[in-house]
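# Residue-level structure breakdown
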Amino acid sequence: MNLRLTVHAKTAAACAALFVLSACASKTPLEPEPGETLPPPAYGSTTPSDAEELLELPPQAAPERSVELRRRSEEREDDPFDLPPE
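Since the structure is predicted, the reported quantities are computational estimates derived from the model, not experimental observations. (Residues numbered from 1 in each chain as written. Predicted model: local features only at pLDDT ≥ 70, side-chain atom pairs only at ≥ 80, totals over all residues. Heavy atoms only, no water.)

In this section: the overall build of the chain. Helix and strand counts for the chain stand at two helices and zero strands. When each of the 86 residues of the chain is scored for burial, the buried share is 1%. Carbon and sulfur atoms provide 57% of the accessible area of the chain, an area that totals close to 9,600 Å². (Helix = DSSP H or I, 4+ residues; strand = E, 2+ residues; numbered from the N terminus. Buried < 20%, exposed > 50% of the residue type's maximum accessible area, 1.4 Å probe, protein only. Areas by Shrake-Rupley, 256 points an atom, 1.4 Å probe, with all protein chains shown as cover.)

As structure tokens, this is what we get:
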């Protein structure tokens, strides 16, 4: 029993150490790897985009929420497509 507990404690400690190390991230500006280049500029553009511009999401990828949250309960309207099974 003690051996099993020791193995689990060592495994938990190793997992915790890996978790802590994975949280350490470099905060340097993004650059392409040596020998690689950024994608070519978009059609019609005269200057290539830098890494930060390429990481920005277009509005269609992350739309803003446009739905008002309900603050109090309201009676539901009739749904003409809510039919019983045949």
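Together, D50, E52, E53 and E56 give the surface a local cluster of negative charge. Within the secondary structure layout, D50 lies in the loop between α1 (2-23) and α2 (51-55). (Patch = residues over 30% accessible without salt bridge, like charges linked within 9 Å, V, L, I, M, F, W, Y side chains within 5 Å. Salt bridge = Lys/Arg side-chain N within 4 Å of Asp/Glu carboxyl O. Lys, Arg positive; Asp, Glu negative; His and termini not counted. Charge placed at Lys NZ, Arg CZ, Asp CG, Glu CD.)

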